[in-house]
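A structural walkthrough
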Amino acid sequence: MNIQVVPPTNIKSFIADMAEAYQVAYEYRFGQIDYRCIDAKFISRVCYKRHCLYFEVVEDGKRLGGLILSLIRNGKCARMFFMFTKSELQNRGIATFLWNELRELMPGVKTFTAVAPYFAVPAIHFLVNKCGFRIIEFINSVNSPKDYAKDEINDPWSDGYFYFIKRVSKVIPVRKSKPASSHPGGMPKA
């Protein structure tokens, strides 16, 4: 597996795969529906406004998942949008791989934020229990932040979604141990 920026010619299919993954998750929770819980136009509109970057996880030329994010505050904060794994590839470590690679790709980012609809229990579990995000707010029609557009609050997730934050602590470099010959008293005991 590797992570790469989605080529401009593939963004349309990337967004279609993303919308399909959300549709499957929604229908798994609520049953079959005859409309799109989130469509490609909505995803495109949200991301276009924020000058987002598109990343995908690929293996043998096949897309496994991905995410969209925008950098704000001079690159110190990354807002993650629409992280997904293709539904038939769930529970194979793809999202964990994506998260770990993303952190390595962006060492200057000090804060990551994300949102997940209340019905996306696997996404909530992943963000909180595997990545160490904290839930800081439950967004719904009664409690809507000012920095989100009205259409992002009311439709398609009018019943609410969670807002997450992860602050990256300073990385302390690991000290290299001294060679055994320089250890006082000769070889260290095992």
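Our subject is the structure that appears above.
Residues numbered from 1 in each chain as written. Predicted model: local features only at pLDDT ≥ 70, side-chain atom pairs only at ≥ 80, totals over all residues. Heavy atoms only, no water.

**Here's the deal with the sheet that holds strand S4 (residues 77-85)**
- Strand order in this open sheet of seven strands is S1-S2-S3-S4-S5-S7-S6, and the pairing throughout is mixed. A single partner strand is all that each edge strand has here, and the edge strands are strand S1 (2-5) and strand S6 (134-139). Across the sheet, the mean angle separating the axes of adjacent strands is 25° when strand polarity is ignored.
- The sheet contact formed by S1 and strand S2 (residues 53-59) spans four bridges and is antiparallel. Of the residues in S2, the one forming a bridge with Ile3 is Val57.
- Running at roughly 155° to S4, helix H3 (residues 94-105) makes contact with S1, S2, strand S3 (62-72), S4, strand S5 (111-117) and strand S7 (161-167) of the sheet. (Pairing = 2+ DSSP bridges. Helix = DSSP H or I, 4+ residues; strand = E, 2+ residues; numbered from the N terminus. Axes fitted to C-alpha atoms, helices over the stretch in contact; angles between N-to-C directions. Contact = heavy atoms within 4.5 Å.)

**Focus on the pattern of salt bridges**
- Across all of its chains, the model carries four salt bridges by this definition.
- Note that Arg63 is salt-bridged to Asp17, the shortest N-O span being 2.7 Å. One end of the pair, Arg63, is in strand S3; the other, Asp17, is in helix H1 (residues 11-30), with 46 residues separating them in the sequence.
- With its nearest N and O atoms 2.6 Å apart, the salt bridge here joins Arg63 to Glu56. Neither residue differs from the other here; Arg63 and Glu56 are each classed as buried.
- In this structure, a network of salt bridges that share partners links the residues Asp17, Glu56, Arg63 and Lys86. (Salt bridge = Lys/Arg side-chain N within 4 Å of Asp/Glu carboxyl O. Buried < 20%, exposed > 50% of the residue type's maximum accessible area, 1.4 Å probe, protein only.)

**A short note on the nonpolar core**
- Among the nonpolar cores identified, the biggest contains 28 residues, and Met80, Trp99, Leu102, Phe112 and Phe133 are the most heavily contacted of them.
- The set of elements that each furnish at least two residues to this core consists of S2, S3, S4, H3, S5 and helix H4 (121-130).
- Ranked by residue count, the leading element in this core is H3, at six residues.
- Among all residues touching Leu102, those that are not within four sequence positions of it are Phe55, Leu67, Leu69, Met80 and Phe112. (Core = buried A, V, L, I, M, F, W, Y, C linked by side-chain atoms within 4.5 Å.)

**Digging into the environment of Glu101**
- Residue placement: Glu101 occurs in helix H3.
- In this structure the C-alpha to C-alpha distance between Glu101 and Gln4, which are 97 residues apart in sequence, comes to 9.9 Å.

**Here we look at the side chain of Arg63**
- Residue Arg63 is classed as buried on the basis of its relative accessible area of 11%.
- A polar contact of 2.7 Å, which involves the side chain of Arg63, links it to the side chain of Asp17.
- A polar contact of 2.6 Å, which involves the side chain of Arg63, links it to the side chain of Glu56.
- Those residues in contact with Arg63 that lie beyond four places of it in its chain are Asn10, Ser13, Phe14, Asp17, Glu56, Val57, Val58, Phe84 and Lys86. (Polar contact = N/O pair within 3.5 Å; in protein donor to acceptor, adjacent residues only side chain to side chain.)

**Details of H3**
- Under the 1.5 Å per step criterion, the end-to-end length of H3 is 16 Å for twelve residues, consistent within 8% with the ideal 16 Å.
- Among the residues making up H3, those that are buried are Ile94, Ala95, Phe97, Leu98, Trp99 and Leu102. (Expected span 1.5 Å × (residues − 1).)

**Quick word on unusual backbone geometry**
- At Phe82, a residue that is not glycine, the phi angle is positive and equals roughly 55°.
- On the secondary structure map, Phe82 appears in strand S4.
- A positive phi angle is found at Asn91, which is not glycine, with a value near 60°.
- Looking at where Asn91 falls in the secondary structure, it is placed in the loop between S4 and H3.
- We classify Asn91 as exposed; its relative accessible area is 79%.

Scope: geometric values only; no functional claims are made or implied.
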